[in-house]
Amino acid sequence: MEKLLLHITVNDEYRELYINPKRLLVEVLRDDLALTGTKRGCNTGACGACTVMLNGLPVKSCSVLAMQADGAEVNTVEGLAEGGELSDLQKSFLDHGAFQCGFCTPGMLMSATALLKEIKKPTKEQIKEAIHGNLCRCTGYNSIIRAVKAVAEGEYKEKSR
Amino acid sequence: MKKFNVINTPVHNIDGVAKITGRAEYAFDVKLPHMLYGKILRSMYPHAKILKIDSRKALALTGVKGVVTGQDTLGVKQGIWRRYKELCDEEILARSKVRYIGEPIAAVAAVDEDTAEEALDLIEVEYEPLPAVFEPLEAIKEGAPQLHERAERNINVTRHIEWGDVDEAFRKAEHIREDWFRCSPQHHVCMETHNAVASYTPEGRLTVWTSTQSHYYIQVLLSWMLGLRESDVRVISRYTGGGFGSKFEIDSAQFCSSLLSMKLFKPVKITLTREEEFQATKRRTPMFYYLRSGVKKDGTFVAKEARVFTEGGAYTSMGATALYLTGFFQTFPYTWPNYRYDGYRVYTNTAPTSAMRGFGAPQATFTAETQIDLIADDLGLDPIEIRRKNAMYPGYEVPGQATIQSCGLSQCLDKIEEWIKSRGKLPPNRGIGIAAYGFMSGGIFNWFDTPYAFSSAVIQVNYDGKVDLYVGSQDMGQGSNTTMVMICAEEMGVRPEDIRLHMGDTDNCPVDLGAWGSRETLMQGNAVKMAAADAKRQIIEFAAAKLSPNIVYDLDIKDRWIHLIARPERGLSYFDVVKEAIRGKDGQPIIARGHYTPHRKGMISPAYSFGVQAVEAEVDPETGKITLKNCVTAHDCGQVINPLGVEGQLEGAIAMAAGYGFTEDMPMDEGKILNPNLVDYKILRSAEMPETKVMEVETYEPEGPFGAKEAGEGLTNPTAGALSNAVFHAAGVSVKNLPITPEKVLDALRKKEKEGKKEKK
């Protein structure tokens with residue numbers, strides 16, 4: 001199959017690369033750009049481990065063709081910390097023990113980051129809904145919900161840059 | 001002075017930053033130069049002879065580099081049962097016969113996954129299908145199709161436990177109850193599927209990056225199956241994306257990638273798809289459970305008899321241990337004076353069933369606790385009271401099996417009783433059910449026949465005071481890395497940031513049997529504590545020489561300050577003393593070692609955790625739908641090491657065990673799983689998670705490091721039973737067949753209604 005040119009901005013870095021148009025966004029991120037922070041748990045859009053932000057919205061990158069992201073901005077877990085400074089949400093995840101094996105964590109962080117961009121002070125129900133598509137087998141979710149809630153309630157304002 | 005500086009404070013997970021920034025490299029992420037990708041061809045038949053495999057067409061496909069079949073193996077029948085060879089029955093790559101749908105037959109390596117997948121279709125396999133049997137109660141009958149030559153009536157293993165005079169005691173019982181239960185299968189659903197990258201080089205060395213709970217077991221099993229020297233196999237597993245019991249046996253990704261790499265001298269990566277994971281990896285053992293219990297009218301337990309038939313699947317796997325443990329934990333956490341257990345593990349033409357978080361105990365706890373509430377109801381007794389009357393206590397001896405040292409069960413019952421009272425009168429269709437449990441802190445079993453200590457640790461203290469700690473334990477998310485660092489820091493008198501942990505690599509780490517049976521905190525923890533104490537002693541020797549105190553004084557280190565215990569202000573900086581100590585030792589860093597193997601601690605485990613859980617649930621009488629409202633746990637895990645970690649373990653266990661109780665199942669049709677995906681196999685999602693609360697009951701376990709014991713796996717035991725009791729108290733029906741789905745609740749409600757009408761007539 002003829003390769004197509006993909007123009008994509010990933011974590012604020014503009015990239016151009018020739019890809020097979022059949023390739024999924026998650027494959028390009030992990031295999032071509034070596035951004036292996038984004039995981040794959042099912043390849044059917046059911047688990048959410050591959051969640052990234054596409055033009056600010058959370059998407060499951062195993063269900064998006066890379067060419068659908070042509071010209072778009074993509075944010076992955078690797079872009080959350082800036083210059084060695086963790087994002088508020090990342091700090092809150094540490095404080096609340098909101099991860100265990102860590103395999104769903106990148107997707108979970110991206111879903112929650114997208115939520116907080118859209119709704120500054122989400123309710124508990126809104127947080128639950130935002131991560132409903134992200135499966136976690138370790139934590140039972142409550143620590144994740146507490147972590148997101150703490151950021152939403154401004155607990156990390158003082159501490160942030 | 002504070003009792004502890006590090007222990008019992010919430011410490012950030014030491015792998016946390018790597019995990020939340022995406023930097024943590026799982027085996028799933030490993031990519032090597034010239035790496036090939038493998039795929040596994042699996043049996044379409046539940047039971048068949050393999051007559052011929054022709055892979056010529058697959059090899060002719062552009063991009064295919066190699067194919068292996070059972071004929072390329074040494075034909076080793078392996079298992080974790082190296083002391084009991086008759087239980088080693090699984091080849092991984094079948095040579096002449098397949099016994100379940102999904103059993104590996106061949107593996108292909110190609111330049112990419114798509115090509116490897118395409119090549120699978122080109123491998124021609126000639127089968128001779130054989131009659132198959134799927135249910136244990138069918139498979140055990142005379143004349144049923146037989147899976148293994150040696151196993152008549154498909155009986156794989158039997159287990160018997162008995163104490164007291166059961167028959168005589170039943171004669172004296174004032175009330176006897178019999179019940180049958182069915183415990184469903186459950187899949188581990190690790191977010192990281194099984195995978196491995198194997199790289200064999202001409203020096204005769206095999207390196208395998210993989211997702212495992214025990215790099216040591218995988219190292220030894222691979223060396224056995226491949227004919228390599230043990231130390232020539234290196235297994236690396238820095239991060240493991242979930243285990244829950246599914247990753248301490250050898251798997252098809254590890255074996256097939258190794259075999260292909262040894263043939264091709266190139267790295268080969270195999271990652272199981274989610275569908276393969278459901279179809280062909282192991283799962284919690286389904287059990288048919290018969291319970292007969294005799295009690296006095298006041299609720300005193302007199303005698304119990306249990307008979308269990310398990311669906312074993314095609315191979316022994318870890319099932320023999322699950323079969324023993326379910327019989328052992330059936331009496332927990334009570335003082336049954338007379339008990340008889342007979343367990344039968346039966347081969348069936350399904351994927352092997354095995355260990356999963358709880359290891360036979362969730363089945364035991366669900367059945368036992370459900371029956372106890374039925375007995376209490378029969379006799380008009382309070383569920384808390386009947387449990388309190390028969391509760392284990394410190395010093396209790398399980399006849400011939402175990403001695404309970406620390407035990408906070410009665411305090412747990414008090415706390416749960418208080419919470420239930422605080423709920424007051426519940427709205428209609430709501431009920432609270434409770435379940436009590438106990439669990440082990442690591443197994444004493446050595447079926448693996450390791451010649452090494454069960455756990456070991458090595459410490460090197462460097463010139464700058466940084467402590468290199470080498471452990472063999474595996475962190476699969478449960479947080480043992482952080483636990484070991486905390487134990488080391490506390491014992492040595494330094495801070496967690498002074499420790500650099502080395503784990504997950506057989507080349508650089510001492511042996512530990514791995515993360516299963518809740519063994520790490522107690523066993524690896526004891527080894528770490530012993531090594532840390534040795535390092536501290538060596539440092540203190542130099543400090544003593546310098547301080548030259550009266551010989552009757554003791555020295556200690558707390559928070560990097562080496563001091564006289566009686567006069568804490570008189571001391572020296574840890575950093576200064578370490579520097580001088582290394583110069584004083586002719587430039588050698590301080591090296592210390594520790595190890596732990598349980599001796600004279602009974603048959604099962606050196607220590608037991610306890611707990612009581614209350615589940616509040618609402619049952620919709622129209623639809624049978626169950627909604628979890630609250631889940632409250634009173635928990636005795638001895639001394640808490642990291643409160644942040646314990647809370648996470650508890651909440652996670654509730655999610656997993658609630659799934660076991662009411663949403664997760666693996667229906668099969670002729671040995672084929674019908675829901676091999678994450679849409680139809682329903683693990684709990686965020687919205688279904690109830691409010692959770694934990695109340696720690698602190699006890700001191702003399703056998704554990706700083707008094708600690710098991711804190712994560714046992715918490716999977718009570719939820720299904722507490723949930724079933726909540727449904728019983730909310731709707732008046734008992735569902736003895738897991739999972740408790742709306743359909744089953746509705747059926748039970750209708751049946752009850754009919755019976756009610758009959759009675760009125």
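Residues numbered from 1 in each chain as written. Chains lettered and ligands numbered in written order. Predicted model: local features only at pLDDT ≥ 70, side-chain atom pairs only at ≥ 80, totals over all residues.

1. Comments concerning the overall build of chain B
In terms of regular secondary structure, chain B is built from 18 helices and 32 strands. Relative to its length of 761 residues, chain B is compact, with a C-alpha radius of gyration of 27 Å against a globular reference of 27 Å. Its C-alpha atoms give chain B principal-axis dimensions of about 95 × 75 × 45 Å. Put simply, chain B has 761 residues, and 60% of those count as buried. If you take every contact in chain B between residues at least 6 apart in sequence, the share linking residues at least 24 apart comes to 81%. (Helix = DSSP H or I, 4+ residues; strand = E, 2+ residues; numbered from the N terminus. Rg over C-alpha atoms; globule rule 2.2 N^0.38 Å. Buried ≥ 20, exposed ≤ 12 C-beta atoms within 10 Å, placed from the backbone. Contact = placed C-beta atoms within 7 Å.)

2. Considerations on the overall build of chain A
Counting its secondary structure elements, chain A contains five helices and five strands. Along the chain direction, N to C, the helices and strands of chain A fall in the order β-β-α-β-β-β-α-α-α-α. Projected onto its principal axes, the C-alpha positions of chain A cover 50 × 30 × 25 Å. When each of the 161 residues of chain A is scored for burial, the buried share is 55%. For chain A, the share of sequence-separated contacts (at least 6 apart) that also reach a separation of at least 24 residues comes to 58%.

3. Quick word on the interface of chain B and chain A
Contacts between the two partners involve 45 residues from chain B and, on the opposite side, 38 residues from chain A. Looking at which element gives the most residues to the side of chain B that touches chain A, the answer is helix 16 (residues 643–662) of chain B, with nine residues. Here the residues of the side of chain B that touches chain A are counted per class, giving 17 nonpolar, 18 polar and 10 charged. (Nonpolar A, V, L, I, M, F, W, Y, C, P; charged D, E, K, R; others polar.)

4. Looking at the pairing of strand 22 (residues 467–471) of chain B
Consecutive residues of a regular strand have side chains that alternate between opposite faces of the sheet. Residues and elements named next belong to chain B. Most of strand 22 sits out of view: four of its five residues are buried. Between strand 21 (residues 455–461) and the antiparallel strand that follows it, strand 22, lie five residues; G465 among them carries a positive phi value of about 90 degrees. With four bridges connecting them, strand 22 and strand 23 (residues 499–502) associate as parallel partners. Its bridge partner lying in strand 23, L469 is registered against L501. For the handedness criterion, the β-α-β arrangement of strand 22, helix 13 (residues 480–492) and strand 23 is classed as right-handed. (Pairing = 2+ DSSP bridges. Right-handed = clockwise from strand over helix to strand, strands pointing away.)

5. A short note on helix 12 (residues 409–423) of chain B
The end-to-end C-alpha separation of helix 12 of chain B is 22 Å, in line with the 21 Å expected for 15 residues at 1.5 Å each. Looking one or two places after helix 12 of chain B, you find G424 of chain B, whose phi comes out positive at around 65 degrees. (Expected span 1.5 Å × (residues − 1).)

6. Focus on the packing of helix 2 (residues 88–96) of chain A against helix 5 (residues 142–152) of chain A
All names here are of chain A. Orientation of helix 2 relative to helix 5, taken along the N-to-C sense of each, is 135 degrees, at an axis distance of 9 Å. Taken as axis vectors, helix 2 and helix 5 run oblique relative to one another. Seen along the crossing, helix 2 lies across helix 5 with a hand that is right-handed. Of the residues in helix 5, those touching helix 2 at D88, L89, S92, F93 and H96 are S143, R146, A147, V148, A150 and V151. Class assignment of the residues belonging to the contact of helix 2 with helix 5 gives a composition of six nonpolar, three polar and two charged. (Axes fitted to C-alpha atoms, helices over the stretch in contact; angles between N-to-C directions. Parallel < 35°, antiparallel > 145°, perpendicular 65-115°, else oblique. Left-handed = near helix turned anticlockwise from the far one by under 90°.)

7. With respect to the domain arrangement of chain A
Residues and elements named next belong to chain A. What the domain assignment reports for chain A is domain 1 (4–79) and domain 2 (88–152). Computed over C-alpha atoms, the centres of domain 1 and domain 2 are 21 Å apart. Counting from both sides, the interface comprises 15 residues of domain 1 and, opposite them, 13 residues of domain 2. Mapped by element, the contributors of at least two residues to the side of domain 1 that touches domain 2 are strand 3 (51–54) and strand 4 (57–60). Among the elements that take part in the side of domain 1 that touches domain 2, strand 3 stands out by supplying three residues, more than any other. Residues of the side of domain 1 that touches domain 2, tallied by class, amount to eight nonpolar, six polar and one charged. (Domains from an automatic or database assignment.)

8. So, the sheet that holds strand 26 (residues 571–573) of chain B
Residues and elements named next belong to chain B. The strand order 24-25-26 describes an open sheet built from three strands, whose pairing is antiparallel. The sheet terminates laterally at strand 24 (555–558) and strand 26, the two strands that pair on one side only. Averaged over all neighbouring strand pairs, the angle between strand axes comes to 20 degrees, with direction disregarded. As paired elements, strand 25 (residues 561–564) and strand 26 share three bridges and run antiparallel to each other.

9. Thoughts on the sheet that holds strand 29 (residues 626–636) of chain B
Residue and element names in this part refer to chain B. Overall, mixed pairing links the four strands, which are arranged 20-28-29-32 in an open sheet. On the outer flanks of this sheet lie strand 20 (430–440) and strand 32 (691–696), each paired with one strand and no other. Between one strand axis and the next, the sheet turns by 15 degrees as a mean value, whatever way the strands run. Across six bridges, strand 29 lies against strand 32 in parallel orientation. Each bridged residue has a counterpart across the sheet, and for A634 the counterpart in strand 32 is M695. Strands in contact with helix 16 are strand 29 and strand 32; relative to strand 29, the strand with the most contacts, it is inclined by about 135 degrees.

10. Some details on the domain arrangement of chain B
All names here are of chain B. According to the domain assignment, chain B contains domain 1 (16–23 + 454–596), domain 2 (31–130 + 191–242 + 247–280) and domain 3 (283–444 + 602–758). On a C-alpha basis, the centres of domain 2 and domain 3 stand 36 Å from each other. Between domain 2 and domain 3, the residue contacts involve 19 residues of the former and 19 residues of the latter. Split into classes, the residues belonging to the side of domain 2 that touches domain 3 amount to eight nonpolar, four polar and seven charged.

11. Section: the nonpolar core
One recurring pattern in soluble globular proteins: nonpolar side chains tend to sit buried together. In this structure, L469, C488 and V727 of chain B are the most contacted members of the largest nonpolar core, which totals 292 residues. Beyond its immediate chain neighbours, meaning those up to four positions away, L469 of chain B contacts A457, I459, M484, V485, C488, I499, L501, H502 and V528 of chain B. (Core = buried A, V, L, I, M, F, W, Y, C linked by C-beta atoms within 7 Å.)

12. Regarding the environment of H729 of chain B
Residues and elements named next belong to chain B. Inspection of the secondary structure assignment puts H729 in helix 17 (residues 719–731). Sequence separation between H729 and I432 is 297 residues, and the spatial gap between their C-alpha atoms is 6.5 Å. In this structure H729 touches G431, I432 and G433, once residues within four positions along its chain are discounted.

13. Some remarks on unusual backbone geometry
Residues and elements named next belong to chain B. The omega torsion of the bond from F332 to P333 falls at -10 degrees, within 30 degrees of zero and hence cis. Tracing the backbone shows P333 in the loop between helix 9 (319–329) and strand 16 (339–347). The omega angle of the peptide bond from L738 to P739 is -10 degrees, so this bond is cis rather than trans. Mapping P739 onto the fold places it in the loop between helix 17 and helix 18 (742–760). We note that V189 has phi near 50 degrees; this positive angle belongs to a residue other than glycine. With respect to the helices, strands and loops of the structure, V189 is situated in the loop between strand 8 (175–183) and strand 9 (195–201). Despite not being glycine, F265 shows a phi value in the positive range, around 55 degrees. Here F265 shows up in the loop between helix 7 (252–264) and strand 12 (268–271).

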